[in-house]
Each structure stands twice: as structure tokens, then as C-alpha cells.
Amino acid sequence: MPEPKVRKFAITIEDIYHEGGKPVTEPLKKGTILAVIENPFAGSYHEEISGFMKDLEPLGVDMARRLSEALGGKAAIEGYGKGAIVGQAGELEHGALWHVPGGYAMREILGDAKAIVPSTKKVGGPGTRLDIPVTHINASYVRSHFDAMEVGLTDAPRANEIVLALVMTTGARIHARVGGLKAGEIKGEDGLR
């Protein structure tokens, strides 16, 4: 397969100081990086598409590096997620191609992250929004880090494009207080607890 053809990138960073409670001194940072790429399979059905995952790997690593740097460096990252929006000339399976390269790219950049990277995908036109789930990078059961970030661009995806997304956060939800496993209690053996 050819190298992915990128039309544009977009990075968004949120600094969250409160959600109605007392403002915190150090905000939670939530960020996303989006890459709008040409969908090489748009317009017709292709039986073999899995080879494109390997072609997406360098793009995934570049995106993960850029986003982690925008959020203060890999040591600051505690949560992550990924997703894809496929243009209407494509199919949902084209978004699934992002599962492996998107997830492994963040693990490579962040070092020893153990938890599965939560993911979502959909088919839609320009302006379609996607809620990307977020969990702790080392233990999926840390409730304080269950979160999501809405992503999208007004002019993407065009019918023959895919929007690839990575999301990272620097900590727990502001004012998290629903109990469960705490980040400081992670054993980090299985990516769950």
C-alpha cells in the first residue's frame, strides 16, 4: 500500500480547572490530535485491506509523539483513547484499520503502558463528531480516569477521507469521587488492575 496521504492535522488542548466544585491549581489537560487522510479504499469494496495498518504505523507514532509533547511530555500522560471517522464513500472496517497502529503508537511513545486503548469509530460526513472513550494507561479499572473527549472537524471527513484521532489526558476527571481502584493502587500486571 502507498504511504498515507495527509490533508491536514489538528491539535486541540483543553485545560480544565473545575466542573462546578472548587477550582484546582493544576488543571486537567485533555488533548486530541486528528489527521485527515485519503481513504485508499473509498468507492468500492476491497477484500484485502489489512496491509494498510502497517502503513499507518509511522503516522500513528508521529501523532502520539506530537500530542504527548503538546500535553507536557510522556511522563504527564495518564489516560488515552483513539477513534476514526470514515467518510461516506468508505466503510466502518476502514476505521478499524486504526485500532492496531493507533494503540501501539501511544504505547510506544508512552513507554510501558499496559491497558488496552479504548476505541470507537463511525461513518459520517464533514462535521461528524465522535466521542472517544478514555481510560487509565496502565489499568482499565481505574474509575477516576473513565472519561471521553468529543472530536471532529467542520470540513472532514470528505467522502474519500478518514479522520484518525488520538486522545490523551494528564490525570483523573476533575472532582472524581466515585470510588473504585485508585491510580496509586495499580499493580500494572495485566492492564486491568
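Just above, that's the structure.
This one's a predicted model, so the numbers in the text were calculated from it and none came from an experiment. (Residues numbered from 1 in each chain as written. Predicted model: local features only at pLDDT ≥ 70, side-chain atom pairs only at ≥ 80, totals over all residues. Heavy atoms only, no water.)

1. Describing the overall build of the chain
Okay, step 1: Each helix and strand in the chain was counted, giving three helices and seven strands.
Okay, step 2: Overall, the chain shows an N-to-C arrangement of helices and strands of β-β-α-β-α-α-β-β-β-β.
Okay, step 3: By the compact-globule yardstick of 16 Å for 193 residues, the chain fits well, its C-alpha radius of gyration being 17 Å.
Okay, step 4: Counting only C-alpha atoms, the chain reaches 50 × 35 × 25 Å along its principal axes.
Okay, step 5: Put simply, of all contacts in the chain between residues at least 6 apart along the chain, 77% involve residues at least 24 apart.
Okay, step 6: Across the chain, the 23 positively charged side chains and the 25 negatively charged ones have centroids separated by 6 Å. (Helix = DSSP H or I, 4+ residues; strand = E, 2+ residues; numbered from the N terminus. Rg over C-alpha atoms; globule rule 2.2 N^0.38 Å. Contact = heavy atoms within 4.5 Å. Lys, Arg positive; Asp, Glu negative; His and termini not counted. Charge placed at Lys NZ, Arg CZ, Asp CG, Glu CD.)

2. Notes on the pattern of salt bridges
Okay, step 1: The tally for this structure, following the rule as stated, stands at eleven salt bridges.
Okay, step 2: With a shortest N-O distance of 3.0 Å, Arg-7 and Asp-155 are connected by a salt bridge. Of this pair, Arg-7 sits in strand S1 (residues 6-16) while Asp-155 sits in the loop between strand S6 (147-151) and strand S7 (161-169), and the two are 148 residues apart along the sequence.
Okay, step 3: Taking the shortest distance from any N to any O, the salt bridge between Glu-161 and Arg-7 comes out at 2.6 Å. With Glu-161 in strand S7 and Arg-7 in strand S1, this residue pair connects regions lying 154 residues apart in the sequence.
Okay, step 4: With relative accessibility at 5%, the residue Glu-161 sits in the buried group. (Salt bridge = Lys/Arg side-chain N within 4 Å of Asp/Glu carboxyl O. Buried < 20%, exposed > 50% of the residue type's maximum accessible area, 1.4 Å probe, protein only.)

3. As for helix H1 (residues 51-70)
Okay, step 1: Between the first and last C-alpha of H1 there are 30 Å, a value that for 20 residues agrees with the 28 Å anticipated at 1.5 Å per step.
Okay, step 2: The largest bend in H1 is about 35 degrees, located at Glu-57, with the proline Pro-58 one to four residues further on.
Okay, step 3: Residues Phe-52, Leu-56, Leu-59, Gly-60, Met-63, Ala-64, Leu-67 and Ser-68 constitute the buried set of H1.
Okay, step 4: Where H1 is buried, its residues contact S1, strand S2 (28-38), helix H3 (99-110) and S7.
Okay, step 5: Within two residues after H1, Gly-72 carries a phi angle of roughly 110 degrees, on the positive side. (Expected span 1.5 Å × (residues − 1). Bend = angle between axes of the 7 residues up to and from the residue.)

4. Quick look at the side chain of His-145
Okay, step 1: Its location among the elements puts His-145 in the loop between strand S5 (130-136) and S6.
Okay, step 2: Look at His-145 and you get buried, because its relative accessible area is 4%.

5. What about H3?
Okay, step 1: Spanning twelve residues, H3 covers 17 Å between terminal C-alpha atoms, matching the ideal 16 Å at 1.5 Å per step.
Okay, step 2: Of all the positions in H3, only Pro-101, Gly-102, Gly-103, Ala-105, Met-106, Arg-107, Ile-109 and Leu-110 are classed as buried.
Okay, step 3: In this structure, the buried side of H3 is in contact with H1, strand S3 (79-86) and S7.
Okay, step 4: At the exit of H3 stands Gly-111, carrying a positive phi of roughly 95 degrees.

6. Observations regarding the nonpolar core
Okay, step 1: Counting residues in each nonpolar core, the largest one holds 30 residues, and the members touching the most others are Ile-37, Leu-56, Met-63, Tyr-80, Leu-164 and Leu-166.
Okay, step 2: With six residues, the top contributor of residues to this core is H1.
Okay, step 3: Apart from residues no more than four positions distant in its own chain, Met-63 is found in contact with Phe-9, Ile-33, Leu-34, Ala-35, Trp-98, Leu-164 and Leu-166.
Okay, step 4: By size, the runner-up hydrophobic cluster in this structure holds 14 residues, among which are Leu-34, Val-36, Ile-85 and Ala-165. (Core = buried A, V, L, I, M, F, W, Y, C linked by side-chain atoms within 4.5 Å.)

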